[in-house]
Amino acid sequence: MKNVFLGAVALIALPLSVQAGQLLPNLYAKVYCESRAMGMSEDASVRQAVSESYINSGSGLDVTVHGVETTTDVVASMREAANRCPQYK
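None of the values given here were measured: they were computed from a predicted structure.

## Describing the pattern of salt bridges
Logical step 1: Inspection of every chain in the model, using the stated rule, returns two salt bridges.
Logical step 2: Notably, a salt bridge pairs E34 with K30, separated by 3.3 Å at the nearest N-O pair. You can see E34 and its partner K30 sitting in helix α2 (residues 25-37), four residues apart, about one turn around the helix.
Logical step 3: On the basis of relative accessible area, E34 is assigned to the partly exposed category, the value being 39%.
Logical step 4: When the shortest N-O distance is used, the salt bridge between R84 and E80 registers 3.6 Å. Taken together, the positions of R84 and E80, both in helix α4 (residues 72-84) and four residues apart, correspond to about one turn of that helix.
Logical step 5: Residue R84 is classed as partly exposed on the basis of its relative accessible area, which comes to 40%.
Logical step 6: Since its relative accessible area comes to 23%, E80 is described here as partly exposed.

## What about the environment of R36?
Logical step 1: When you line up the elements, R36 lands in helix α2.
Logical step 2: Discounting residues that sit within four places of it in the chain, R36 has contacts with S41, E42, S45 and Y88.

## Let's talk about α4
Logical step 1: Taking 1.5 Å of rise per residue, the 13 residues of α4 would be expected to cover 18 Å, and the 18 Å separating its terminal C-alpha atoms lies within 8% of that figure.
Logical step 2: Listing the buried residues of α4 in full gives D73, V74, V75, S77, M78, A81 and A82.

## What about the state of the cysteines?
Logical step 1: Taken as a whole and assessed by the stated rule, the structure comprises one disulfide.
Logical step 2: Linked covalently through their sulfurs, C33 and C85 form a disulfide whose S-S length is 2.0 Å. An S-S torsion of about -75° defines the bridge between C33 and C85 as left-handed. Of the two residues, C33 sits in helix α2 while C85 sits in the segment after α4, which places them 52 residues apart along the sequence.

## Quick look at the environment of L27
Logical step 1: As for its placement among the helices and strands, L27 is situated in helix α2.
Logical step 2: Taking the C-alpha atoms as reference points, L27 and E52, separated by 25 residues in sequence, lie 7.6 Å from one another.
Logical step 3: If we skip the residues at most four places from it in the chain, L27 touches E52 and S53.

Scoring rules and cut-offs
- Residues numbered from 1 in each chain as written.
- Predicted model: local features only at pLDDT ≥ 70, side-chain atom pairs only at ≥ 80, totals over all residues.
- Heavy atoms only, no water.
- Salt bridge = Lys/Arg side-chain N within 4 Å of Asp/Glu carboxyl O.
- Helix = DSSP H or I, 4+ residues; strand = E, 2+ residues; numbered from the N terminus.
- Buried < 20%, exposed > 50% of the residue type's maximum accessible area, 1.4 Å probe, protein only.
- Contact = heavy atoms within 4.5 Å.
- Expected span 1.5 Å × (residues − 1).
- Disulfide = S-S within 2.5 Å.

All quantities given are derived from atomic positions and should not be read as evidence of function.
What follows is the structure, encoded as structure tokens:
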């Protein structure tokens, strides 16, 4: 679980590091879980969920999780997705 979490956080954080904004955790989880249920890969599902749930206003607070710097909105999005569709952990 830790490796999946770190990989997903890194994948999400890369496109977001360029500009201020945040993910909407519930929308991220909805799109991610629906994408996985349709048979999309982990990476493709994450990209699709980020694309549909990212807004350009606001920003999450900086946090460090397992040595990886990210923001609270990314952590909340990952946790919501894990709660909503635990079969894809």
